[in-house]
Amino acid sequence: MAEPDSLSRQSGDLIRDRLIEAAVQEFGERGYDRARVQDIARRAGLSTGAIYGNFRNKADLLAEAVDRGLAAAARKMGEALDRGAASTDLLEMITTDLSDPRRRTWAPLVSEALAAARRDDEVARRVHAALRKAETKLTDLVELAQRDGSLTDEVDGAACARLVLCVSLGVDVLTALNYEGPDRKAWTALMHRLFAGLASATVHTVTAARHSAGGLSRRSSG
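Going along each chain's sequence as written, the residues are numbered from 1 onward. Side-chain atom pairs in this predicted model are given and counted only at pLDDT of 80 or more, local residue features only at pLDDT of at least 70, and totals for whole chains, interfaces and linings cover all residues. Water and hydrogen atoms were dropped before computing side-chain values, which therefore reflect all heavy atoms in the structure.

Asks: Just to check I follow, could you spell out the packing of helix α7 (residues 121-147) against helix α8 (residues 157-176) for this structure?
Replies: For any two helices packed against each other, the geometry is given by the interaxial angle and the distance between the axes. It is at 8 Å that the axes of α7 and α8 come closest, and there the two elements cross at 120°. The orientation of α7 with respect to α8, classified from their angle, is oblique. Of the two elements, α7 crosses α8, and the hand of that crossing is right-handed. Facing L131, E135, L138, T139 and V142 of α7, the residues of α8 in contact are G157, A158, C160, A161, R162, V164, L165 and L169. Comment: axis = line fitted to C-alpha atoms, over the contacting stretch for helices; angle = value between 0 and 180 degrees taken between N-to-C directions. For the purposes of this entry, the term helix denotes a DSSP run of H or I that reaches at least four residues, the term strand denotes a run of E that reaches at least two, and both are numbered from the N terminus. Just so you know how the angles are binned, under 35 degrees is roughly parallel, over 145 roughly antiparallel, 65 to 115 roughly perpendicular, and the rest oblique. Each crossing gets its hand from how the near helix is turned against the far one by less than a right angle, where anticlockwise is left-handed and clockwise is right-handed. Residue contacts follow a heavy-atom distance rule, with two residues in contact if any of their heavy atoms lie within 4.5 Å.

Here it is, written out as structure tokens:
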């Protein structure tokens, strides 16, 4: 049997999850400025006291929702690496994953958080912290790709991470505006060429050698 404190923590986590989920929906539909604490609580089926018992204010709730989303994305990347995914494939996926249905929910939240950060110092502080964590994770991914030889050491890790972050955030903002994107295949091909261009000289040399050996083999057998 679970201890009372454990049950209390589980209940508290469930309440926070419900409030964050309701906030994501409310911010996405009404925008941060027009979203009201009462409406978030009502959507979650809870009282406003539940919100103030778990979050300092609406800004704290918005920042927590962004933190939660970025943490989930980081876990997803970590799990993919554990399954043997290449680090460069993950970097490319971040910039090309345009069809993920979760983006339709996540994108308006990101857009609202970025806009609110310009007007609210508390939101700005929390959003900056969340973005720094995300960028650190991306930098780690770039450096991992450099260590395994799939990205050239000539690329600055932090600059490459910022590029990936900018592309991903830009896609989120345009998605939130329901701005129709380019042809998906064309976009994916462009990103693939971008990361192929950042590949190390060793990768290019090995690839060229393989193509050359294949050509010689075909000519000798002909």
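Right, picking up where we left off after that structure.
Asks: Help me understand unusual backbone geometry, please; the structure alone is not making it clear to me.
Replies: The phi angle of most residues is negative, glycine excepted, and most peptide bonds adopt the trans form. Of note in the backbone geometry, N178 takes a positive phi value of approximately 55° without being a glycine. Among the structural elements, N178 can be located in the loop between α8 and α9 (184-197). Here's how the labels work: a residue is buried when its accessible area is under 20% of the maximum for its type, exposed when over 50%, partly exposed in between, all with a 1.4 Å probe on protein chains only. Taking relative accessible area as the criterion, N178 reaches 61% and is therefore assigned exposed.

Asks: Looking at this structure, I do not really get the pattern of salt bridges. What am I missing?
Replies: Side chains bearing opposite charge may pair, as long as their charged atoms lie close to each other. Any Lys or Arg side-chain nitrogen found within 4 Å of a carboxyl oxygen on Asp or Glu counts as a salt bridge. Inspection of the entire model under this criterion finds 15 salt bridges. A salt bridge links D33 to R119, with the shortest nitrogen-to-oxygen separation between them at 2.6 Å. Linking D33 in the loop between α1 (4-30) and α2 (37-44) with R119 in the loop between α6 (103-117) and α7, this pair joins segments that are 86 residues apart in sequence. For the pair shown, D33 and R119 are each scored as exposed. For R126, the salt bridge is made with E64, and the minimal N-O distance between the two is 3.6 Å. Of this pair, R126 sits in helix α7 while E64 is found in helix α4 (residues 58-82), placing the two residues 62 residues apart along the sequence. A single burial state applies to R126 and to E64, both of which are buried.

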